[in-house]
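Structural characterization, general
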Amino acid sequence: MMLIGVDPHKSTHTATAVEPSTNSEVASIRIDATLGEYRRMLTWAARWPDRRWAIENAEGLGRHLASWLLARGEEVVDVPSTATARVRQLSRGGGRKNDRIDAAAAACVAAAQGDFRPMVAEGATDALAVLDEHRVNLAQARVRAVNQLHALLRALLAGGAPTDLTAATASDLLGKVRPQGEAEQARKAVARELITEIRSLDARLKSSCKAIAEQVENSSSSLTEIVGVGPIIAGRLIARTGVPSRFPNSGAFANYAGAAPIEVASADHARHRLSRTGDRQLNSALHTAAVTQIRMTGSRGNRYYRSKIAEGKTPREARRCLKRRLADHVWRTMIADEHRLVASPGGHSGATLQSSAAGTTPSTNSSEKSLPGPATEQSMSPRPAS
């Protein structure tokens, strides 16, 4: 198989063919980002009937090219830019960087069977990712508008507005303001505009949440049966995970989400530290679910959290323990859903529950090493027994 690495940019793409057995460059081509040039690159690659495309940042600048290739039956993998950077540093190029070298580095990552992800045609998961990103942007815009409104009301009213400010409350407060002078008149006019903007954002957020809930329901996911996981969190978990069987075990998923500890060992000394890497949006979804379970008295998550506190762990360490266990359970739930839908149209084959769930995961055994090993169904299944 010939590996063709691609370094995509907004207006141009550079492709480099690499022989996987020797990691040597065979040929290279640079094209403009147009459909006609895509066809020219595919014609150039036709000399290697058995080929695989390794596109750097295929979820970003390379998304359109990756979708175009997948639609034509090509095998495509996504290579993160951090992986190509590591390859460049370990090569003999002395840290040199250009488009051709970046493309070759992407191919070398795929040749090493390392840090890459197979791409599939876009579907319901990608739709959820788009909807989730749109909802986050709307929520951030609302926070900015509310903050601006708070600043204006502090200048117009003694004591300002309450912390939990809504458009209706702000409108009532603003109606009592009798501006004196041009500055206060301008503040009141801008505040009115912000109230109108917040009302519009509230309506759009409600519509966005409804669309996500409908998409999750149509996916037949069982994630919403987990305590603390509603439609919005389930949508983010599905969108950020993609095909769950791409992770060989629950430990790999927890590591990808940044919920697994990082071992730091030298000679006879070993310790674990908190991971600051991984998919932070996926980590945030797990954190929200864990905090919700902690607040629900009587839930299994709450009992597990209390048991860790009783062992001497701090609340923060106990929360991390719960999040680590929750990552295992979320992955197993998604794997079970994938198995259930494997024979249905659009299903994904290739997952194996028994072999995948049996793999080892990072474990800890002291209060300093607060993230435990994989959970068992008896210890961490929030769903009632059938």
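Quick look at the structure, then. Not measured: the values here are computed from a predicted model.

1. Some remarks on the packing of aromatic side chains
Taken as a whole, this structure holds four aromatic pairs when the rule is applied. With a centroid separation of 5.2 Å and an interplanar angle of 80°, the aromatic rings of tryptophan 44 and tryptophan 48 are classed as edge-to-face. Measuring from centroid to centroid gives 5.5 Å for phenylalanine 247 and phenylalanine 253, while their planes differ by 80°, and the two rings are edge-to-face. Relative accessible area serves as the criterion here: at 6%, phenylalanine 247 is assigned to the buried category. Each member of the aromatic cluster is reached from another via a ring pair, and the members are Phe247, Phe253 and Tyr256. Note that arginine 246 overlies the ring of tyrosine 256, its terminal NZ or CZ placed 4.9 Å from the centroid.

2. Focus on unusual backbone geometry
One non-glycine residue, asparagine 57, lies in the positive phi region at around 55°. Topologically, asparagine 57 is positioned in the loop between strand 4 (51–56) and helix 2 (63–71). A positive phi angle, near 60°, is found at serine 220, a position not held by glycine. By the element assignment, serine 220 lies in the loop between helix 7 (181–218) and helix 8 (231–241).

3. Notes on the nonpolar core
Note on soluble globular proteins: their nonpolar side chains tend to be buried together. In terms of nonpolar packing, the biggest core is built from 34 residues, with Leu223, Val229, Leu237, Phe253, Leu286 and Val330 touching the most fellow members. Within the residue set of this core, elements represented by two or more residues are helix 7, helix 8, helix 9 (250–256), helix 10 (280–295), helix 11 (300–310) and helix 12 (315–340). A per-element tally of this core places helix 12 first, with nine residues. With near-sequence residues (within four places) excluded, leucine 223 lies in contact with Val229, Ala234, Leu237, Ile238, Val330, Thr333, Met334 and Asp337. If you look at the next biggest cluster of nonpolar residues, it comprises 24 residues, including Ala17, Trp53, Leu65 and Leu69.

How each quantity is defined
- Residues numbered from 1 in each chain as written.
- Predicted model: local features only at pLDDT ≥ 70, side-chain atom pairs only at ≥ 80, totals over all residues.
- Heavy atoms only, no water.
- Phe/Tyr/Trp six-rings, centres within 6.5 Å; stacked < 30°, edge-to-face > 60°.
- Buried < 20%, exposed > 50% of the residue type's maximum accessible area, 1.4 Å probe, protein only.
- Lys NZ or Arg CZ within 6 Å of the ring centre and 35° of its normal.
- Helix = DSSP H or I, 4+ residues; strand = E, 2+ residues; numbered from the N terminus.
- Core = buried A, V, L, I, M, F, W, Y, C linked by side-chain atoms within 4.5 Å.
- Contact = heavy atoms within 4.5 Å.

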